[in-house]
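# Notes for the structure review
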Amino acid sequence: MPLFDRKDKSRYATFSRRTLLAAGGMTGIFAVLAGRLYQLQILDFDQFMTEAEENRINERLLAPARGRILDRFAVELANDRRNYRVLLTAEQATGGISESLDAIGRLIEISDARRKKILREIAQNKPFVPITVVENLNWEAFSRLSLNLPYLPGVQLDVGETRAYPFADELSHIVGYVAAVSEEDRKNGNDPLLSLPDFRVGKRGIEKEFDEEIRGQAGVSRVEVNAYGRVIRELSRDPGTPGQDVYLTIDQDVQKFAAERLGGESAACAVMDVETGDVIALVSSPGFDPNLFNVGISTAEWNALTDNDHKPLLNKVLSGTYPPGSTFKPVTALAALDAGVAVPGYTVFCSGVYTFGNHQFHCWKRGGHGTLDLRGALKHSCDVFFYETARRVGIDKLEQTAHALGLGKVTGIELPGERAGVIPGREWKRKTLHAAWQQGETLIAGIGQGYVLLTPLQLCMLTARIASGRAVSPRLVHSVGAHARPHRAAPRLPFSDDALAAVRSGMDGVTNEPGGTAYAWRINEAGFEMAGKTGTAQVRRITKAERATGVMKNEHLPWRLRDHALFIAYAPVEKPRYACAILVEHGAVAAHPQVQMARDILLYTQKKDPLRIPPAYPVTAAANTTGRG
Amino acid sequence: MNATPNIAARRPLTLSEKLLEVDWGLIILITLAACAGFAMLYSIAGGHLRPWAGPQIVRFAAGLLILVAAAMIDIRVWMGLAYPAYGVAFLLLLVVQSMGHVGLGAQRWIDLGPLQIQPSELMKISLVLALARYLHGLTVEDISRPVKLLVPLVMIAAPAVLVLLQPNLGTAIILVADGCSLLFLAGLSWRWIVPALGAVAASIPVAWEFMHDYQRQRVLTFLDPSSDALGAGWNITQAKIAIGSGGFSGKGFLQGTQSRLNFLPEKETDFIFTTLGEEFGFAGSIALLILFGLIIVYGIRIAMASRSQFGRLVAMGVTLNFFFYIMINGLMVMGLIPVVGIPMPLVSYGGSAMMTVMFGFGLLMSVHVHRQVEIPLRSAGLI
């Protein structure tokens, strides 16, 4: 043994002890590692498993197919059409994004603004997210692109769905439109679909009123994604519930005819089934193209709509209120009959002017009508007769009668934006104007002027009620999905048959007897005759001086100062089926365009007679709908 | 394997005798651990040898050759090479400090075309050799003498500081740990050890002052990972989710969602253990730890059987170096210490660490093969 052996022995002893200590330390660390593994993998397994799944699985909302809107014969008024789109995926554009856009630009037009927007979107998104370059391509451009697809790296062609309104302007105010979700929509709704970038919600008309039903329920696609959000594969798919179809009572044929007949006038028209209140046509003219709002309306297009003095965005049928003028006289007549004022033999002498207190009230006919009974007063639309009659009836009875006929409140039609109009009374005036009722105001109200304001839809309902004797209310939506909307048979009006018959007789005289205010524009095909009532709503005030020199004829006034022309009618006279109300803003000219329109529309409607044709509603005539005998 | 006592004392072994002396059991354990790594690298590549598993297998094969080759060389030769190797490694560290390639924000590499040298890895082995050689020449009493102690402390501190400046905190920690544990094993008096530990504890606030921002951030996010769940806390959070979601038996080979879907950062290198935990669960993780534990037991046995202090210290130095890798990486991926860039030995993808570890095992094997060699106290080794 060498010299150092003794010293090495002591070193070895120390080394052994220290190694043992180190081994103990290492064992301790290994125990810590094993303990930690036990904690993570055994004790907290559930929590980490959940977190791993949450990491991996991304739930993506699927927009359900939006329900269609159809007319009574299942003609599609709103549907989804194919939207041909061009998408660009940045990471696949091997030649560079600008080069790809240039290549697309050689085949279809891309504006500079659009190009900037695309580049911005690409910069904001991950490189594997496809960005929409152009949408709503026509088939020709689309096929040109697909032919060149091999030379367009990163470009994909895609067929999406977009809302379409095939009848555009004709139905704009009924169907409405869809548009991008606004901040307000998101605040008010908690449907997760609202957060989808391309989602559209109903903004007007049926699209708005029945948005929830038409929208459907969101579907969910569970996809596996990696840490960068790239989809690896789809794990499961719940397509959601497609939106329900909404069936309207509209007959698109009549609607189209009416819309065309109103032409470019600023006008409104409603056609209604007098027994059920089913709305056959509901036109506000001019309309607008709802398709514009879906794809995004340009500023110029928007300005054109808002600057138009014919107010295309206003649904005049139910959001426009007008003094009904003489079309209100049947209400006054009915009040007089019901109150026992207009008893058999009741007459009023018209000298052309009616003096009440120290005021003079003029008849529209200078020189007067002479002695008239109620039937003659309606036929000739004598103002003096109704001044006197209204005075005798009193505002309270007049107001009560108007209310019984459903006026002064909304009809409850299934469209947004309906206005109630005004049926004035003592209480109403005290509340709104804080003044006492003047008796002179009763006279004015008796001829539908003054405070009285009605919507064309209310006028149509009034006509239907007089024609049928039932308290019908307008119905526009028959069924949603396969479910008919509840609709009760209309109760009888609280007026005697004799009173109603007397008013109808007067309205018959208006159109079908020589001397009647609308006799010149009557329907003279046997069996299709209509009964009606003309009306003029004064837009400007006629001064005493003007009256002295002769009232200016409307034809001689600028358009916006002319009176509004109104007409209500039902047909056929003998067994009424259809009621119609027409308003032409500033249309009170001698040719009575509104009467001509009503005549043509009622004749067309009767000849087609949509009520006779079995409707295509998806439900068999439910027990709670009114059957016709 | 101890069938032929004292043969080395009488005459040098022939090459074939040395090959017979190689402990093939240890090599099998090492290979098994490496195979776990291959499997994981194969899995995170989505079931492909490219880009990781294939090259790793090639490297491991090369590493095995280095291991056996190193084992064939007499430990006295290694002793003779100890100081020159340390000198070269130190010079290389100085070189990277001045002109090294900057990778991952740290100067760590010397780029020689196809060959990239990581001097800090070289230093780990060289430091063990040099310290073992120095301590071999000291008695137990000598070690605790201040004058004698100063030399090894400088030997440890100088490269550690250079590595820290790169900045590579993980390797610096390992260098210091390797060096200090050798001093401890050689018998440094507790009179030095206890105050030193106290000083380390007291210096933590000072160390904080000298840390890089990213290092501080790592410490802060470690203390509260949720404070930055998508930023720096992401690593820790996702690693824990991966391991934890493995459960007892794991999701199955190639079924780990965390790694396959890229939720795991540095999944092929420092965080490879998380994939093992995810796919093979508690059972698989513990199995790998047991494998590592057995390798360490082999290392301790080899150290205890060596008849020279140099051999013992080299064997334990290499074994502890291996252990420190496992400890730091394991504690890090399980969220017990802040993130420092230390791979899991044998398992993580990467050439430098693999070579260092395999070369270390080669030295260990050399100690085993030459366990009967006695070296005089004043010896400078062969050469």
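Conventions adopted
- All residue numbers refer to position in the chain's written sequence, counted from 1.
- As a convention, the first chain written is A and the first ligand written is 1, with the rest following in written order.
- pLDDT decides what is reported in this predicted model: residues at 70 or higher carry local features, side-chain atom pairs at 80 or more are listed and counted, and totals for whole chains, interfaces and linings draw on all residues regardless.
- Here the side-chain values reflect all heavy atoms present in the structure, with hydrogen atoms and water set aside.
- Numbering goes from the N terminus for both helices and strands, where a helix is a DSSP run of H or I of at least four residues and a strand is a run of E of at least two.
- Burial here depends on accessible area, computed with a 1.4 Å probe over protein chains only, as a share of the maximum for the residue type. Under 20% is buried, over 50% is exposed, and the range in between is partly exposed.
- Here the accessible surface of atoms and residues is derived via Shrake-Rupley with a 1.4 Å probe, and residues count as covered only by protein chains that are part of the display.
- Think of a 1 Å grid over just the protein atoms. A cavity is a set of points where a 1.4 Å probe fits yet cannot get out, a pocket is an open set with protein on both sides within 12 Å along at least five of seven lines, and lining residues have an atom within 4 Å of a point.
- Grid points are joined across faces, edges and corners, and a volume is the space filled by probe spheres set on the points.
- Following the grouping adopted for this structure description, the nonpolar residues are Ala, Val, Leu, Ile, Met, Phe, Trp, Tyr, Cys and Pro, the charged ones are Asp, Glu, Lys and Arg, and the polar ones are all others, Gly among them.
- For patch building, the residue pool is restricted to those with more than 30% relative accessible area and no salt bridge; the joining distance is 9 Å between like charges and 5 Å between nonpolar side chains (Val, Leu, Ile, Met, Phe, Trp, Tyr).
- A carboxyl oxygen of Asp or Glu within 4 Å of a side-chain nitrogen of Lys or Arg is what we treat as a salt bridge.
- Here, two residues are considered to be in contact whenever any of their heavy atoms come within 4.5 Å of each other.
- Throughout, buried area stands for the accessible area (probe radius 1.4 Å) lost by two parts on being put together, summed over both.
- Here a polar contact is recorded for every N or O atom pair within 3.5 Å, except that within protein the pair must consist of a potential hydrogen donor and a potential acceptor, and residues adjacent in sequence are included only if both atoms are side-chain atoms.
- Throughout, the edges of the domains are those of an automatic or database domain assignment.
- Here a strand pair is declared whenever DSSP counts at least two bridges between the two strands.
- For helices, the fitted line uses only the C-alpha atoms of the stretch in contact; every axis is such a line through C-alpha atoms, and the angle between N-to-C directions lies from 0 to 180 degrees.
- Classification of ring pairs rests on two measures: the distance between centres of Phe, Tyr or Trp rings, Trp counted by its six-membered ring, which must be within 6.5 Å, and the angle between planes, read as stacked under 30 degrees, edge-to-face over 60 and tilted in between.
- Whether a charge sits over a ring depends on NZ of Lys or CZ of Arg being within 6 Å of the ring centre and within 35 degrees of the ring normal.

### Concerning the overall build of chain B
For chain B, the helix and strand inventory stands at 16 helices and three strands. Taken over 383 residues, chain B has a buried fraction of 57%. With an accessible surface of roughly 15000 Å², chain B has 71% of that area assigned to carbon and sulfur atoms.

### Observations concerning empty space enclosed by the protein
Leftover empty space is mapped by rolling, across the atoms, a probe with the size of a water molecule. Residues and elements named next belong to chain B. In this structure the tally under the stated criterion is two cavities of 30 Å³ or more. Each pocket or cavity is described by its volume, and for the second largest cavity that value is around 30 Å³. Surrounding the second largest cavity, Pro343, Met344, Pro345, Leu346, Ser348, Ala353 and Met354 form its lining. Taken together, the residues of the lining of the second largest cavity sort by class into six nonpolar, one polar and no charged.

### Observations concerning a nonpolar patch on the surface
A surface patch of nonpolar side chains, amounting to about 310 Å² of accessible area, comprises Leu21(A), Trp190(B) and Val194(B). With respect to the helices and strands, the residue Val194(B) is situated in helix α10 (residues 190–210). According to the relative accessible area criterion, Val194(B) is exposed, its value standing at 52%.

### With respect to the interface of chain A and chain B
Each partner contributes to the interface: chain A provides 41 residues, whereas chain B provides 62 residues. Interface area for chain A against chain B, summed over the two sides, is near 4400 Å², with a carbon-plus-sulfur share of 72%. Broken down residue by residue, the surface that chain A buries against chain B is led by Arg11(A), Phe15(A) and Arg18(A), which jointly contribute 18%. For the interface between chain A and chain B, the tally reads one salt bridge. Residue Asp8(A) is joined to Arg312(B) by a salt bridge in which the shortest nitrogen-to-oxygen separation is 3.1 Å. Summed over the shared surface of chain A and chain B, the result is ten residue pairs in polar contact (both at pLDDT 80 or more). Counting residues per element, the ones that place at least two in the side of chain A that touches chain B are α1 (5–43), α2 (45–56) and β8 (219–225) of chain A. Top contributing element to the side of chain A that touches chain B by residue count: α1(A), with 25 residues. Along the lines of polarity and charge, the residues of the side of chain A that touches chain B split into 26 nonpolar, seven polar and eight charged.

### Quick word on the domain arrangement of chain A
All names here are of chain A. The assigned domain composition of chain A is domain 1 (60–248) and domain 2 (259–305 + 318–592). A separation of 46 Å is found between the C-alpha centroids of domain 1 and domain 2. On the domain 2 side, the residues contacting the 29 residues of domain 1 number 25 residues. Between domain 1 and domain 2, the buried area comes to about 2300 Å², and carbon and sulfur atoms account for 60% of it. Our enumeration of links across domain 1 and domain 2 arrives at six residue pairs in polar contact (both at pLDDT 80 or more).

### Examining the sheet that holds strand β11 (residues 267–273) of chain A
Residue and element names in this part refer to chain A. Spatially, β12-β11-β21-β20-β19 is the arrangement adopted by the five strands of the open sheet, whose pairing is antiparallel. Across the chains shown, the open sheet's two edge strands, defined by having one partner strand only, are β12 (279–285) and β19 (531–537). Between one strand and the next, the sheet's axes are offset by a mean angle of 10°, whatever the strand orientation. One ladder, built from seven bridges, connects β11 with strand β21 (residues 578–584); its direction is antiparallel. Pairing of Ala267 across the sheet is with Val584, part of β21. Contacts from helix α10 (residues 252–262) reach β11, β12 and β21, with the element oriented near 30° to β12.

### Focus on the packing of aromatic side chains
On inspection of all chains with the given rule, the structure shows 27 aromatic pairs over all chains. Between Trp437(A) and Tyr451(A), the aromatic rings sit 6.0 Å apart at their centres with planes inclined by 50°, giving tilted as the arrangement. Of this pair, Trp437(A) sits in the loop between α18 (426–433) and α19 (439–446) while Tyr451(A) is found in the loop between α19 and α20 (456–468), placing the two residues 14 residues apart along the sequence. Grouped by ring-pair contacts, the aromatic residues Tyr177(A), Phe288(A), Phe293(A) and Trp302(A) constitute a single cluster. In this arrangement the basic side chain of Arg522(A) is found over the ring face of Tyr519(A), its NZ or CZ atom lying 4.0 Å from the centre. Over the face of the ring belonging to Tyr298(B) we find Arg301(B), whose NZ or CZ atom lies 5.7 Å from the ring centre.

### Considerations on the side chain of Glu278(B)
All names here are of chain B. In this fold, Glu278 is placed in helix α14 (residues 272–305). Side-chain polar atoms of Glu278 contact the backbone nitrogen of Gln258, separated by 2.8 Å. Excluding anything up to four places from it in sequence, Glu278 contacts Ala242, Ile243, Ser245, Gly246, Gly250, Lys251, Gly256, Thr257, Gln258 and Ser259.

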